[in-house]
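Residue-level listing of the chains:
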Amino acid sequence: MPSPACRWSFPTTNRRQNFMRPRNRKLGVPRSGRSLIVLVVLTCLLAAGGGLLLLIPGAPDEANQEILLHRVERSDFEAFVTEPGDVASSSNVDVRCQVKSRGSAGTAIVRICDEGTEVKEGDFLVQFDDSVLQNELIAQKIVVANDKSDLIQAESDLANAQRTLREYVEGLFEQQTELLESDVFVAEEDLRKKDLMLASSRRLASRGLTSLLQVKAAEFAVEKSKKDVAAANRALAVYRDFTREKLVGEYEANIKKQEAVQEASRFTLDLSQHKQLEIEEQIGHCLIVAPAAGQVVYNNERDRGQPLVIEEGAIIRDNQVIIRLPDIHNMQVDVKINESHVNRVKVGQPARIILDADPDNQLVGEVKTVAPFPFPMRWHGAPLEYGVEVRIIDPPPSIRPGLRAKVQIFFESQADVLQIPLASVIVHNAQHYCLIKEADGWRPQKVSIGPNNNNLVVVHEGLAIGDQVALTPFRHIDRSDLPAGKSVMEGNEAEADQLTVSDRNSPAAKPGL
């Protein structure tokens with residue numbers, strides 16, 4: 001049994017012998033030779049194909065060159081700008097929210113008439129939430145009642161103050177004066193008695209019937225009575241000259257005070273009553289009826305940061321337009337024109353209107369107004385846009401506000417004029433040229449151009465019907481092939497007209513021009 005080493009051994013001797021055996025080179029072909037043959041065959045096929053393409057008339061390069069030519073013809077020229085817009089009525093009856101916000105975002109709609117409904121004057125339109133106003137009205141009625149009570153009290157106090165003054169002047173003063181005068185009269189009478197008693201005491205004393213001490217007592221009584229009379233007179237004079245003036249002044253001051261209190265109470269009542277009337281008026285504004293006949297159109301706001309849809313539950317701010325009742329016989333399209341075109345738009349220019357809802361029936365209009373100032377910028381760097389109103393001439397019965405439309409405003413129009421594409425015009429040395437295709441090459445031709453519409457331009461002089469102009473002129477000539485300046489065209493126009501440049505059929509001959 002052979003060993004494992006012998007079982008896995010290879011006949012290396014025979015392999016070397018087979019490898020070293022010489023090949024028959026007459027029957028075999030080298031691999032590099034075969035590759036060369038294939039390369040030569042492919043080159044021949046490509047050359048043959050290219051020759052066939054050159055022999056076929058209307059080669060692709062020539063066809064491309066014919067596509068880049070434009071044949072000059074006469075047609076009607078129109079320059080216009082196209083912008084989208086919204087159909088609206090020129091004489092809307094705006095229905096606004098007249099309920100004040102009172103520190104809140106607005107007032108909620110509880111019920112609203114369906115959009116598109118035909119209404120008559122006085123028909124229901126909108127009902128706002130008035131629950132808060134009803135509560136305020138009850139509280140305000142309580143305030144008004146309290147203010148009325150204060151005013152009644154103030155009027156009563158004023159009347160009492162006036163009666164107190166009249167009572168004192170016409171009654172108490174006279175009464176007190178009479179009492180004081182009575183005191184004076186009593187004091188004087190007492191003094192008269194004391195004088196008589198003193199005289200009697202002196203007679204008795206002269207006769208020795210009474211003592212000197214009794215005479216002194218009588219004299220003292222007389223002196224006391226004199227002072228009592230003086231005091232009574234002084235009290236009467238003080239009361240008349242000072243006390244009366246003081247009390248009258250106090251009473252008059254109290255009257256003025258009560259008058260001021262009454263006036264303040266009246267103003268307070270007027271203010272509270274005015275506030276009550278205002279609340280009642282606001283409650284009345286919560287119900288809106290149609291001010292005129294028309295079709296209900298919701299004033300949904302699209303241009304705000306957060307679009308507002310008019311519906312039940314929507315919050316409406318004070319003085320916001322909720323519904324419009326348009327006049328469908330007087331319609332317009334509101335358009336926003338970019339600042340790059342606004343200087344070309346003038347009042348009275350004709351317009352073509354294409355409704356998105358009815359694109360087959362084009363409408364005719366004219367520019368009614370152009371806003372002198374742009375709309376506020378919605379964000380930093382936003383383009384400036386100006387509002388333009390385009391009146392619709394003879395609007396159809398099917399038109400309605402809110403439809404979208406495309407508006408073409410025509411700046412200028414000319415009938416039966418020569419026109420060429422704007423791309424075929426070369427601006428060189430403040431002059432304009434076109435490159436005309438001729439049988440033997442290209443010829444630069446000076447032209448006089450008119451207005452353009454960013455696509456076509458009107459040619460006044462320099463071209464004729466049937467001329468073929470290049471749409472990519474710098475693929476065929478260099479700028480140096482054009483006339484040197486005005487002196488060439490004005491001093492030697494014949495030579496400039498005869499200038500011919502060899503045709504460069506290959507677009508690759510002028511890369512990037």
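Residues numbered from 1 in each chain as written. Predicted model: local features only at pLDDT ≥ 70, side-chain atom pairs only at ≥ 80, totals over all residues. Heavy atoms only, no water.

## Describing the overall build of the chain
Here comes step 1: From N to C terminus, the chain includes eight helices and 21 strands.
Here comes step 2: Expressed as a percentage of the 513 residues in the chain, the buried residues total 30%.
Here comes step 3: Residue pairs in contact within the chain that sit at least 24 positions apart in sequence constitute 77% of those at least 6 positions apart.
Here comes step 4: Entry remark: accessible area of the chain is about 32700 Å², with carbon and sulfur atoms responsible for 55%. (Helix = DSSP H or I, 4+ residues; strand = E, 2+ residues; numbered from the N terminus. Buried < 20%, exposed > 50% of the residue type's maximum accessible area, 1.4 Å probe, protein only. Contact = heavy atoms within 4.5 Å. Areas by Shrake-Rupley, 256 points an atom, 1.4 Å probe, with all protein chains shown as cover.)

## Points about the environment of Q282
Here comes step 1: Note that Q282 resides in helix α6 (residues 212-285).
Here comes step 2: Of the residues examined, Q282 reaches a relative accessible area of 3% and is grouped as buried.
Here comes step 3: Between the C-alpha atom of Q282 and that of V99, which follows or precedes it by 183 residues, the distance is 5.6 Å.
Here comes step 4: Sequence-distant contacts of Q282, defined by excluding residues within four places in its chain, comprise Q98, V99, K100, R102 and L133.

## Examining unusual backbone geometry
Here comes step 1: Unlike most non-glycine residues, D394 shows phi in positive territory, near 55°.
Here comes step 2: Mapped onto the fold, D394 is located in the loop between β15 (385-393) and β16 (404-421).
Here comes step 3: Residue class for D394 comes out exposed when judged on its relative accessible area of 67%.
Here comes step 4: If you check the backbone angles, N454 has positive phi at about 70° while not being a glycine.
Here comes step 5: As for its position among the elements, N454 is in the loop between β19 (441-452) and β20 (456-461).

## A look at the sheet that holds strand β6 (residues 124-128)
Here comes step 1: As summarised here, the arrangement of the four strands in space is β7-β6-β4-β10, forming an open sheet in which the pairing is antiparallel. Pairing within the sheet leaves two strands with one partner each, and these edge strands are β7 (287-289) and β10 (315-316).
Here comes step 2: The sheet contact formed by β6 and β7 spans three bridges and is antiparallel. In the strand pairing of β7, F124 is matched with V289. (Pairing = 2+ DSSP bridges.)

## Considering the packing of aromatic side chains
Here comes step 1: A complete count under the given rule lists four aromatic pairs for this structure.
Here comes step 2: Summarising the aromatic geometry, the rings of Y168 and Y251 are spaced 5.6 Å apart at their centres and angled 65° between planes, so their arrangement reads as edge-to-face. Remark: Y251 occurs in helix α6 and Y168 occurs in helix α5 (residues 131-207); sequence separation between them is 83 residues.
Here comes step 3: With relative accessibility at 2%, the residue Y168 sits in the buried group.
Here comes step 4: In this structure an aromatic cluster arises from ring pairing among Y168, F173, Y239 and Y251. (Phe/Tyr/Trp six-rings, centres within 6.5 Å; stacked < 30°, edge-to-face > 60°.)

## Points about the nonpolar core
Here comes step 1: Counting 27 residues, the largest nonpolar core has V87, I353, V390, I392, I399, V407 and I409 as the members making the most contacts within it.
Here comes step 2: Those elements giving two or more residues to this core turn out to be β2 (73-89), β12 (331-338), β13 (350-355), β14 (363-374), β15 and β16.
Here comes step 3: For this core, the leading source of residues is β16, giving five residues.
Here comes step 4: Leaving out residues up to four positions away in the same chain, I409 has contacts with A79, F80, V81, I337, V345, Q349, P350, A351, V367, V388 and V390.
Here comes step 5: Counting residues in hydrophobic clusters, the runner-up holds 26 residues, among them V95, F128, I288 and L325. (Core = buried A, V, L, I, M, F, W, Y, C linked by side-chain atoms within 4.5 Å.)

## Focus: the environment of A423
Here comes step 1: Residue position: A423 is located in the loop between β16 and β17 (426-428).
Here comes step 2: Taking the C-alpha atoms as reference points, A423 and A470, separated by 47 residues in sequence, lie 8.7 Å from one another.
Here comes step 3: If we skip the residues at most four places from it in the chain, A423 touches L471 and P473.

## Observations concerning α6
Here comes step 1: In a regular helix each residue adds 1.5 Å, so 74 residues correspond to 110 Å; α6 covers 106 Å between its end C-alpha atoms and thus fits that length.
Here comes step 2: Where α6 bends most, the angle comes to about 40°, and this point is Y239. (Expected span 1.5 Å × (residues − 1). Bend = angle between axes of the 7 residues up to and from the residue.)

## Focus: the side chain of H428
Here comes step 1: With respect to the helices and strands, H428 occurs in strand β17.
Here comes step 2: A distance of 3.2 Å separates the side chain of H428 from the side chain of N429, its partner in a polar contact.
Here comes step 3: Beyond its immediate sequence surroundings of up to four residues, H428 is in contact with Y433, R479, L482 and P483. (Polar contact = N/O pair within 3.5 Å; in protein donor to acceptor, adjacent residues only side chain to side chain.)

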